[in-house]
Amino acid sequence: MTNDDERHEGGCFCGAVRYAFRGPPEWSAHCHCRSCQWATGAGFATWCATAKSNFEVTAGRIKVAETSPGIERGFCGDCGTSLTYMARRVLEGQDWTDQAWFLAPTLDDPSIAAPSGHVYVSHQQPWVKLDDGLPRFEEF
Ligand SMILES: [Zn+2]
Ligand SMILES: [Zn+2]
């Protein structure tokens, strides 16, 4: 059962940045690309998404780094928690410019964001071993 009136919140480790959105995430997936590994300092990153128009920063300010042209990765300037990914341009034919991505573990309740697959497994580290049975995609 989904309820579009449900409201979810999340934020950074120190609590300076808080965000909220309505409804369930549009999707969630594990990304193994090198950029996400670097940006999050983790073996892979678990993202979920909602419409940009449905994503609201309710406390503090997300600091943004343009890690590649048109790609803005957001984080807390106080504690450094990686938070968001926003595309300002169409990438390799894929238009995510109307989506706000946020890292599932930054949700107050990350269990609502069960991933549906793995993307960019062409970059997956050989020491990441997964047998969750989810679909795997070489790229996105
Ligand atoms: Zn913080
Ligand atoms: Zn990635």
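Above this text is the structure in question.
Residues numbered from 1 in each chain as written. Chains lettered and ligands numbered in written order. Predicted model: local features only at pLDDT ≥ 70, side-chain atom pairs only at ≥ 80, totals over all residues. Heavy atoms only, no water.

**Q** Any chance you could explain the pairing of strand β6 (residues 62–68) here in plain terms?
**A** As a general feature of sheets, a regular strand has side chains that alternate between the two faces. Pairing between β6 and strand β7 (residues 71–76): six bridges, direction antiparallel. Looking across to β7, one finds that E66 is bridged to E72. The turn joining β6 and β7, which pair antiparallel and follow one another in sequence, is formed by two residues; a positive phi near 80 degrees is taken by G70. (Pairing = 2+ DSSP bridges. Helix = DSSP H or I, 4+ residues; strand = E, 2+ residues; numbered from the N terminus.)

**Q** So what exactly am I meant to see when it comes to the coordination of the zinc ion (ligand 2) here?
**A** The reference angle at a metal is 109.5 degrees if four donors form a tetrahedron and 90 or 180 degrees if six donors form an octahedron. Taken together, the protein ligands of the zinc ion (ligand 2) are C31 (SG), C33 (SG) and C36 (SG), with distances of 2.1 to 2.3 Å. Counting the intervening residues between successive donors of the zinc ion (ligand 2) yields the motif C-x1-C-x2-C. Of the residues examined, C31 reaches a relative accessible area of 7% and is grouped as buried. (Donors = N, O, S within 2.8 Å, 3.2 Å for Na, K, Ca; no water. Buried < 20%, exposed > 50% of the residue type's maximum accessible area, 1.4 Å probe, protein only.)

**Q** Teacher, can you tell me more about the coordination of the zinc ion (ligand 1) here?
**A** Surrounding the zinc ion (ligand 1) are the protein donor atoms C12 (SG), C14 (SG), C76 (SG) and C79 (SG), at 2.3 to 2.4 Å. For the zinc ion (ligand 1), the four donor atoms are set out with angles of 106 to 115 degrees between them, so the coordination reads as tetrahedral. Residue C12 is classed as buried on the basis of its relative accessible area, which comes to 9%. Judged by relative accessible area, C14 falls into the partly exposed class, the value being 44%. (Tetrahedral: all angles 85-135°; square planar, octahedral: opposite > 155°, others 65-115°.)

**Q** Looking at this structure, I do not really get the packing of aromatic side chains. What am I missing?
**A** The relative placement of two aromatic rings is captured by the distance of their centres and the angle of their planes. Summed over the entire model, instances satisfying the criterion amount to 12 aromatic pairs. Taken together, a centroid distance of 5.0 Å and an interplanar angle of 85 degrees make the contact between W27 and W101 edge-to-face. A residue pair is termed long-range when its members are at least 10 positions apart, and W27 in strand β3 (residues 27–31) and W101 in strand β9 (residues 99–103) qualify at 74 residues. We classify W27 as partly exposed; its relative accessible area is 21%. Between W101 and F140, the aromatic rings sit 5.9 Å apart at their centres with planes inclined by 20 degrees, giving stacked as the arrangement. (Phe/Tyr/Trp six-rings, centres within 6.5 Å; stacked < 30°, edge-to-face > 60°.)

**Q** I'm lost on the sheet that holds strand β8 (residues 82–87) in this one. Help?
**A** Strand pairing in a sheet relies on backbone hydrogen bonds. The paired strands run either parallel or antiparallel. The strand order across the open sheet built from seven strands is β6-β7-β8-β9-β4-β3-β10, with neighbouring strands paired in mixed fashion. The sheet is open, and its two edges are formed by β6 and β10 (118–119), each paired on a single side. Pairing between strand β4 (residues 45–51) and β9: five bridges, direction antiparallel. Along β9, the bridge assignment pairs T50 with A100.

**Q** Is there a simple way to explain the layout of surface pockets in this structure?
**A** In this model, the largest pocket occupies a volume close to 420 Å³. Of all elements in the fold, only β3, α1 (34–40), β6 and β7 reach the threshold of two or more residues within the lining of the largest pocket. Computed from the structure, the second largest pocket encloses a volume of approximately 190 Å³. Together, 13 residues line the second largest pocket, and T81, S82, L103, P105 and T106 are the ones closest to its centre. Looking at the lining of the second largest pocket residue by residue, the class counts come to seven nonpolar, six polar and no charged. (1 Å grid on protein atoms, 1.4 Å probe; cavity = no way out; pocket = protein on both sides within 12 Å on 5 of 7 lines; lining within 4 Å. Points joined across faces, edges and corners; volume = space filled by probe spheres on them. Nonpolar A, V, L, I, M, F, W, Y, C, P; charged D, E, K, R; others polar.)

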